[in-house]
Amino acid sequence: MLELQNISFDVDENGTNKEIIRHLDLKIEDHKFVVITGPNGGGKSTLAKLIVGIERPTEGRIILDGEDITDLSITERANKGIGYAFQQPVRFKGIRVVDLLKIAAGKSLKFSEACDYLSEVGLCAKDYIYREVNASLSGGELKRIEIATVLARKTRLSVFDEPEAGIDLWSFQNLTRIFERMRKEITDSTVVVISHQERILKIADEIIVLADGRIQMQGPGSEVLQKIMGTESAVDTCDRLR
Amino acid sequence: MIQMDAIQKRLLAEVADLHQVPEGAYNFRANSQLAGRQTTANIDIVSKTDVSGIDIHIKPGTKKESVHIPVVLSASGLKETVYNDFYIGEDSDVVIVAGCGIDNCGVQDSEHDGVHRFYVGRNAKVKYVEKHYGSGDGLGKRILNPVTEVYMEEGSSMEMEMVQIKGVDSTERKTVAELKENAKLVVHERLMTHGEQKALSVYDVNLSGDGSSADVVSRSVARDHSYQKLDMCVKGNAACSGHTECDSIIMDQGTILAVPSLEANSVEAMLVHEAAIGKIAGEQLTKLMTLGLTEQEAEEQIISGFLK
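Anyway, here's the lowdown on the structure attached to this text. Positions within a chain are numbered from 1, following the residues in the order the chain's sequence is written. Just so you know, chain letters begin at A and ligand numbers begin at 1, following the order they were written in. Note on the predicted model: pLDDT of at least 70 is required for a residue's local features to be given, and 80 or more for side-chain atom pairs to be given and counted; whole-chain, interface and lining totals, by contrast, use all residues.

1. Considerations on the pairing of strand 7 (residues 157–161) of chain A
Residue and element names in this part refer to chain A.
Right, on to step 1. Residue burial is a threshold on neighbouring C-beta atoms within 10 Å of the residue's own C-beta, all placed from the backbone, with 20 or more meaning buried, 12 or fewer meaning exposed, and counts in between meaning partly exposed. Helix numbers and strand numbers start at the N terminus; a helix is a DSSP run of H or I with at least 4 residues, a strand a run of E with at least 2. With 5 of 5 residues buried, strand 7 is to be regarded as a mostly interior element.
Right, on to step 2. Residues Leu157, Val159 and Asp161 of strand 7 are buried on one face, and the alternating residues Ser158 and Phe160, pointing to the opposite face, are buried as well.
Right, on to step 3. Any two strands with at least two DSSP bridges between them are considered paired. Bridge analysis of strand 6 (residues 82–85) against strand 7 gives 4 bridges, and the strand direction is parallel. When the bridges of strand 7 are listed, Gly83 appears paired with Ser158.
Right, on to step 4. One ladder, built from 5 bridges, connects strand 7 with strand 8 (residues 190–194); its direction is parallel.

Structure follows, in structure tokens:
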């Protein structure tokens, strides 16, 4: 279980202190598919970065399965089984898809293993495995590879920051299938997805609505979705594209 | 072939990826002496009589053959200038692997200045790989000043991989190319300097025939207090296309001066240059750290990928 205890996070904006996360308490149970939604600027991505260790809280503690991980580095948290898919996947000159997957898996990979991870996200290994993770790949391709690197890690807690951001609707329709499958096959890991998309919210065991750095609502997916449909927190895809 | 010691064998593995005697033609030079030579029916190697060096003659139509000409220096205080001329026959398709490894544990400087001239015949295709490497913890410097001249006949193509990623204290690299009609030159240079090293790399590529093209790309990393100057000029003298790019990562107190330049002497010339210098992007480090690497491991992965 992941527990955030009285977490606050402030930033200095042109000399004035700005609170991004305010005294937030949150428990995420094991083996759940949890979606965090809420208006832009509400603190969702910051929350993800606090869990992964990219940002450190101004106050409060983060507990993973009873262990205080607040002071652990990104690397230490990764090695404790926390995975993170970036909202804007990072590009590398000279590092190939297979290199990233190898680093993620922490061992050398057989072609068939790399193929498994890539086919999971709808990419054919033959076409992608030796390509560089650089600007020659489209936004959708980079997103899929980003997700594949998290899958290859076999984490116990995976955080996906807005998988729909920066990709076209066509690609997103396909991407949602990855999460639908992840939801079905969830057994010994916990998945946290930051998303506004109805199709992702629909498969959530639990939905958390975050606004102004505070939890506005938290509960079973179907209940919360009913209340927030049509608001900024739950965006429907265009009817014609269904 | 004379016996090589462990240091020489290690240098050989570094500069030519050779762990044993290669197939095809070769000429090994160790501490200024000929250490082994093999010729083939199509490739002849002859020692020069006026100066130090060799002439390599590749017969027209030679296909899928290779020539290795590594040089290793393991004695301190050696200074040599070597002239190697390659005559590559028409319609041939060959791989040439050169390289120099210096191990200097002594107090005197060791220097190898190699002058390589390539005469590439009509429609010939050449892949040239050159690696430079230095090791040894002596006070004596390891100095390499290679000069490469390439003369390309009509329809010929040449791909050059120039790599110097470790241990060379001082280097001045000069590469000159002259291309005729429809000749094509692709250069990938990879350079890493560290400590107090200084590296100067100058390219002067002349596109003199219609339809000729050149793509000169340098990727470099300057660490510690090292200094690099990358001066890459492509001149368009005909209906040609040229591209030059310097892409560098700067670390610690390193200094990089990148001067990609173009000179158009024909209205039909299409020339482009690019240059970028920057530190390793923080988000790249962060991404690899979320995959379980330490910051230092992440840095090594990013650099080795960049210089691959």
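Still to come is the rest of the account.
2. A look at the pairing of strand 13 (residues 170–179) of chain B
All names here are of chain B.
Right, on to step 1. Sheet topology note: the strand 10 (residues 142–144)/strand 13 ladder contains 2 bridges and is parallel. Bridge assignment links Leu144 to a residue of strand 13, and that residue is Thr171.
Right, on to step 2. Two elements, strand 11 (residues 147–152) and strand 13, share 6 bridges in a ladder whose sense is parallel. In the sheet register, Glu149 faces strand 13, and the bridge partner there is Val176.

3. Quick word on the interface of chain A and chain B
One widely used convention gives an interface's size as the accessible area the parts lose upon coming together.
Right, on to step 1. Counting from both sides, the interface comprises 19 residues of chain A and, opposite them, 16 residues of chain B.
Right, on to step 2. Going through the elements one at a time, helix 2 (74–79), helix 3 (97–105) and helix 6 (139–153) of chain A are the ones with two or more residues in the side of chain A that touches chain B. Distance between backbone-placed C-beta atoms decides contact: two residues are in contact if it is within 7 Å.

4. Some words on the sheet that holds strand 3 (residues 33–37) of chain A
Residue and element names in this part refer to chain A.
Right, on to step 1. Taken in spatial order, the 6 strands of this open sheet run 6-7-8-3-9-10, and their pairing is mixed. Both edges of this open sheet fall to strand 6 and strand 10 (214–220), since each of them pairs with a single strand only. Between one strand and the next, the sheet's axes are offset by a mean angle of 15°, whatever the strand orientation.
Right, on to step 2. In terms of strand pairing, strand 3 meets strand 9 (residues 206–211) through 4 bridges, oriented parallel. The residue of strand 9 that forms the bridge with Thr37 is Val209.
Right, on to step 3. The strands touched by helix 9 (residues 221–228) are strand 9 and strand 10; relative to strand 10, the strand with the most contacts, the crossing angle is about 125°. Lines fitted to the C-alpha atoms define the axes, with helices restricted to the stretch that makes contact. Angles between their N-to-C directions range from 0 to 180 degrees.

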